Amino acid sequence: MDVNRDEVRRQLREIDHESNRELPRFREALKRVFDRDAGVSDDAKAGLLGVPSRRTFFTVGGATVLGSAVMVGCSTAKKKQLTQTGTTETTAAVSTTTSPGSEETDAILLRTAQSIERLAVNTYATALKSGLVTTPEVVSALTLFQDQHSQHADAIASITTGIGEKPYDTANPFLDITVVTPGLTAAKDEASVLALATVLELTAAQTYTFAGGTFTTKDLREAIMTIGPTEARHLSLLYIFQDLNPVPIPFMATTSRTPDDSFIGPDGPVKIPEAPTTTTTAAAG
Amino acid sequence: MSMRELRQLTERADQQHREAMNTIHDDLGELHLSRQDDEGVATRRNFVRNLGLGGAAVAFGTLLVPVAGLVPAAMAQTASGKGADIPEADMALVKFAQGLELAAAAAYVAIVAARKLDTPQTEAARTFGRHHTEHSAALAKLIPKDDIATQPNAKILAVFAPQITDATDADALMRIAFNLEMGAAATYQLAMGRLSNWQGAAAVSTIEPIEAQHAVVWGNALDLPIDQWMPAFQSSADALDPATYAAS
C-alpha cells in the first residue's frame, strides 16, 4: 500500500485553502441570496456560486460540487417538497410507481446522514489522537477522511436547511453508544481502529445508497450521491490497508445501512440506548 | 412523529427497495461482507497480491457468485419482457448505462488480451470486467426485452479501444482503466441528476459507488496523486454524456 504522505498533506493544505476561500463565500451567499423571501432566481443564484446553470452544477471539482449541493437544497427551499413519483411522462412508459420514501423520510435520512458524518469526524479525531494508528500512510488517509466527512456534514446541513428542515449537527448518539465508543474503548492497535473505521464507512456508504433510492426528489438523490461514492472510496482504501478485497461485491448493498434506531427524527434521536456497563467481579477473599 | 410511524415509513421503504431492486445486492452483500463471513475473508486474504506498482498490496478475491441465480424472477424484468414501469426519458438513460457497462466489460477484455498486465493486475481487470457485465445484466432487468443491448456501446468503445491498442505497457493500460472507471462513476452521477423516477435512481445508487471503488484501485496502483481518486465529492465533470455517446 502506498499513499504518498506528502501528497496527502499537500491535498489537505489545498482542501483547507479551498475551504477557507470557498466556504465563507457559500455561507455569505446563503445569508444574502438564498433567503426564501429574497426573490432571487435560480439562474442568479447559480451565477453567484460560479456555476452556469442548475443542471450543470457538477462540473468543476469538489468546491463547486459543495456549492451545488447547497444549491440543491436552498434554491428549492420550502417546507413542503413536491414528491416526484415517476408520473411525469405520458408516453408508453407511464409510471404509476410511487417512491418508497416520503417527505418525512427525506428529512430523517438527511439528519441521520449528517449525524453519521459528525460521528465519523469525531471517531477519526479520537483514533488519531489515541496513538494507536502508527503507519504514516494510514494516519494520512484517516486525516483526509476526517476532513472529507466534515465537508460532507456541512453540505448535508445546507441541504437540510434548504428543504425547510432543521439540521442535526451532532454525532449520532445511537451509533456512538453502541458501536464507536465500545470499539474505541476496546481498540488495542491500528488493526482494531481500521476495523472500526471499516464498519463506519460501510454503514455510511450503504446508508447513502439507501437514500439514493429512497429520497422523493431527484435533486436530493443527486446531491446525496455526490457523497455516497466518496464513502465507498474510503471503504476500498481501508480494505486495501487490511489486505482485503478492495471491491468485494459488484453492487453496493443496503443491508448494513444505519439501523432505524439510529435515525434522527424531527424531535431528535429516536432512540438513545444506555451505555453498556462494565461488570467487574470482585476478587475472592 | 411516533416511533411506530417512523418504523412504518422505513419498513415500507425497505420493502419496496427489496421488491423493486431485487435482493441480489443484499444477498451479495451478506454473502461477501457478513461478519459471519470469516471463512470468506480468510479466503480473500489468501489472494493478497501486489499489483507491483506503488507498492500497492491489493487483495482480489475469487469469490464468485452466480449472479443470475440470485436474481429473483419477480425482478423488474417482467414475464412479458416489458421492463420496468419508468418514464421514457429515464429508460433512455438506463439503456445508455447498460450499453456503457457492456463497453466497459469489452474494454477490460481488450486490456487483458493485450497481455501487458502482470498476474494480479490481470486478476483485477478480469474481476472489474465481470462487475461491469453484472451491472449490465442488472440494468437490463429494467429494460424491455426487445430493447436490451447485446453489443457494447460502439461510440464509447471507440474512445477506449484505440488507446488500448496503442498502450505500450501495463501503466498505460491501467491508466485507461482508471479513466474508464472515473468516467463511469461521473456518468452515473450525471444520471442521478436526470433520472426522475426513483427506480432508476435506486439502481444507479447501487452501481455508482462500485465504479468509484474500481477507480480507487487503479489510481492507487498507478500511484496517482490522491486527489485524483479520492475527491471529497463525486463530480459529473468527466461524464460520458448520453447526448454525445448515445448508441446509434
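Since the structure is predicted, the reported quantities are computational estimates derived from the model, not experimental observations.

Caption draft 1: Local environment of the confidence of the model for chain A. All names here are of chain A. On average, residues of chain A score 75 in pLDDT, and 63% of them are at 70 or above. For residues 18-96, every residue scores under 50 in pLDDT, and the model assigns this stretch 147 contacts once sequence neighbours within four places are set aside. Per-residue pLDDT stays below 50 along residues 280-285; that stretch engages in 0 contacts with residues further than four places along the chain or on separate chains.

Caption draft 2: View of the pattern of salt bridges. Residue and element names in this part refer to chain A. Across all of its chains, the model carries 7 salt bridges over all chains by this definition. We note a salt bridge from Arg-118 to Asp-154, for which the minimum N-O separation is 2.8 Å. Placement of the pair is Arg-118 in helix α4 (residues 103-130) and Asp-154 in helix α5 (residues 136-162), with a sequence separation of 36 residues. Given a relative accessible area of 14%, Arg-118 falls into the buried group.

Caption draft 3: Region of interest: the packing of aromatic side chains. Overall, the coordinates contain 4 aromatic pairs over all chains when judged by the stated rule. Ring plane angle 80° and centroid distance 5.6 Å describe the contact between Phe128(B) and Trp218(B), whose orientation is recorded as edge-to-face. Here Phe128(B), found in helix α6 (residues 119-140), pairs with Trp218(B), found in helix α9 (residues 198-221); they are 90 residues apart in sequence, far enough to count as distant. On the basis of relative accessible area, Phe128(B) is assigned to the buried category, the value being 0%. Accessibility expressed as a relative area gives 1% for Trp218(B), which makes it buried. Through a chain of ring-to-ring contacts, the aromatic side chains of Tyr108(B), Phe128(B) and Trp218(B) assemble into a single cluster. Over the ring of Phe210(A) we find Arg257(A), and its NZ or CZ is 4.3 Å from the ring centre.

Cut-off values and rules
Residues numbered from 1 in each chain as written. Chains lettered and ligands numbered in written order. Predicted model: local features only at pLDDT ≥ 70, side-chain atom pairs only at ≥ 80, totals over all residues. Heavy atoms only, no water. pLDDT = per-residue confidence, 0-100. Contact = heavy atoms within 4.5 Å. Salt bridge = Lys/Arg side-chain N within 4 Å of Asp/Glu carboxyl O. Helix = DSSP H or I, 4+ residues; strand = E, 2+ residues; numbered from the N terminus. Buried < 20%, exposed > 50% of the residue type's maximum accessible area, 1.4 Å probe, protein only. Phe/Tyr/Trp six-rings, centres within 6.5 Å; stacked < 30°, edge-to-face > 60°. Lys NZ or Arg CZ within 6 Å of the ring centre and 35° of its normal.

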